[in-house]
Amino acid sequence: MMDYQIRNALSTDKTNIYELFTSSIRPYVEPIWGWDESYQANDFDESFEKIHHFSIIEVNNEFVGFLQIAEQSNIILLCEFHLLPSVRGSGIGSAVIKELIEKANTYGLFLKTGCFKGNTKAQQLYQRLGFKIVQETKTHYLLEYNLCKR
């Protein structure tokens with residue numbers, strides 16, 4: 001596995017995050033709802049106002065991905081998690097999720113995420129790491145990591 005670092009996002013990371021975000025979700029969004037660039041940009045801008053929810057993943061000080069986490073009273077919600085195609089399959093995704101699982105276990109929190117039904121690679125990754133599908137919408141699976149000690 002590649003060595004990686006996670007750091008807090010800076011305002012200068014916004015372009016890299018948006019470009020990766022749109023390239024990752026567009027193949028799923030476009031066939032379902034169509035792609036409206038101005039809507040996506042405005043929605044992202046509103047989300048990015050909570051910059052403290054974003055973390056950058058780097059390899060050799062180079063941007064390779066990001067995650068967006070919202071913590072609630074007893075839940076860690078993994079809102080977004082995207083890696084550049086060049087590092088997918090390298091073990092970074094599994095390692096980052098395992099770090100979140102460890103944090104959830106340490107603090108007795110639920111860990112939840114969601115993914116497009118068409119994103120079978122993400123579904124397989126989450127399920128291989130112990131997530132279960134707990135809810136389904138027309139377009140998404142909602143997954144939860146089941147802690148043993150609750």
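Further up the page is the structure itself.
What you see is a predicted model, and the numbers here were worked out from it, not measured in a lab. (Residues numbered from 1 in each chain as written. Predicted model: local features only at pLDDT ≥ 70, side-chain atom pairs only at ≥ 80, totals over all residues. Heavy atoms only, no water.)

Participant: How would you summarise helix 2 (residues 37-48) if you had to cite specific residues and measurements?
Facilitator: In an α-helix, one turn spans 3.6 residues; hence positions three or four apart end up facing the same way. Counted at 1.5 Å a residue, the expected span for helix 2 with its 12 residues is 16 Å, and the 16 Å between its end C-alpha atoms agrees. Three or more residues of helix 2 are buried, namely Gln40, Phe44 and Phe48. Axial view of helix 2: buried residues confined to an arc of 65 degrees, hence all on one face. Where the residues of helix 2 are buried, they touch helix 1 (14-33) and strand 2 (54-59). (Helix = DSSP H or I, 4+ residues; strand = E, 2+ residues; numbered from the N terminus. Expected span 1.5 Å × (residues − 1). Buried < 20%, exposed > 50% of the residue type's maximum accessible area, 1.4 Å probe, protein only. Arc of directions from axis to C-beta. Contact = heavy atoms within 4.5 Å.)

Participant: Help me get a handle on the sheet that holds strand 7 (residues 140-145), residues and values and all.
Facilitator: Taken in spatial order, the 7 strands make up an open sheet running 1-2-3-4-5-7-6, and their pairing is mixed. The open sheet has two free edges, formed respectively by strand 1 (5-8) and strand 6 (131-136), since each of these has just one partner strand. Neighbour to neighbour, the strand axes of the sheet diverge by 30 degrees on average, direction disregarded. As paired strands, strand 3 (residues 62-71) and strand 4 (residues 75-83) are joined by 7 bridges and run antiparallel to one another. Each bridged residue has a counterpart across the sheet, and for Phe66 the counterpart in strand 4 is His82. Strands in contact with helix 1 are strand 2, strand 3, strand 4, strand 5 (110-116) and strand 7; relative to strand 3, the strand with the most contacts, it is inclined by about 70 degrees. (Pairing = 2+ DSSP bridges. Axes fitted to C-alpha atoms, helices over the stretch in contact; angles between N-to-C directions.)

Participant: Hey, could you go over the pairing of strand 7 for me, with residue numbers and the actual values?
Facilitator: Here strand 7 lies mainly inside the structure; 5 of its 6 residues are buried. Bridge analysis of strand 5 against strand 7 gives 6 bridges, and the strand direction is antiparallel. When the bridges of strand 7 are listed, Cys115 appears paired with Tyr141. Here 5 bridges tie strand 6 to strand 7, and the two strands are oriented antiparallel to one another.

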